[in-house]
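# Reading the structure
These are the residues of each chain, in order.
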Amino acid sequence: MNTEFQNLPNVVSPKEVQTYFGISRSTTYRIFHDAGFPAFHIGNRLLVRQDELLDWLERQKVNKAQNENPKIVGSDE
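Description of the structure in this document. (Residues numbered from 1 in each chain as written. Predicted model: local features only at pLDDT ≥ 70, side-chain atom pairs only at ≥ 80, totals over all residues. Heavy atoms only, no water.)

### Side note on the environment of Leu 46
Rule in force here: Elements are defined by DSSP. Helices are runs of H or I of four residues or more, strands are runs of E of two residues or more, and each kind is numbered from the N terminus. The criterion used for residue contact is that any of the two residues' heavy atoms lie within 4.5 Å.
When you line up the elements, Leu 46 lands in strand S3 (residues 45-49). Along the primary structure Leu 46 and Lys 15 are separated by 31 residues, whereas in three dimensions their C-alpha atoms are 9.9 Å apart. In this structure Leu 46 touches Val 12, Ser 13, Pro 14, Tyr 29, Phe 32, His 33, Ala 39, Phe 40 and His 41, once residues within four positions along its chain are discounted.

Next comes the structure, spelled out in structure tokens:
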């Protein structure tokens, strides 16, 4: 595992995601409520497992890279 994520707990709250990644509260909750994000509820607490959060982040990087370098129709690339 990447050492920069060793300080994250095994189960992460929206507040921890917000603080750790330096994003706004509204952005954090928008991500947590996105259908593709692996969040879950325990009672009224919204949480995400650290490993699933990191997997989700990796998928976002792959998706972004694919969108930045679209294949040109008709090319051999």
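That was the structure; now back to the text.
### Examining the sheet that holds strand S2 (residues 40-42)
Sheets are built from strands paired through backbone hydrogen bonds, the pairs being either parallel or antiparallel. Here is the rule: Any two strands with at least two DSSP-identified bridges between them are counted as paired.
Taken together, the 3 strands give an open sheet; going across it, the order is S1-S3-S2, and neighbouring strands pair in antiparallel fashion. In this open sheet, the two strands that pair with only one neighbour each are strand S1 (11-12) and S2.

### Topic: the pattern of salt bridges
To keep things clear, this is the line we draw: Take a side-chain nitrogen of Lys or Arg and a carboxyl oxygen of Asp or Glu: if they are within 4 Å of each other, that pair is a salt bridge. Buried means the residue's accessible area, taken with a 1.4 Å probe over protein chains only, is under 20% of the maximum for its type, while exposed means over 50%, and partly exposed covers the values in between.
Applying the stated criterion across every chain, the model contains 2 salt bridges. For Arg 49, the salt bridge is made with Asp 51, and the minimal N-O distance between the two is 2.5 Å. Classification of Arg 49 as partly exposed rests on a relative accessible area of 38%. The partner of Glu 58 in a salt bridge is Lys 61, and the shortest N-O contact between them spans 3.1 Å. Pair noted here: Glu 58 and Lys 61 are both in helix H3 (residues 50-68), with a separation of 3 residues, about one helical turn.

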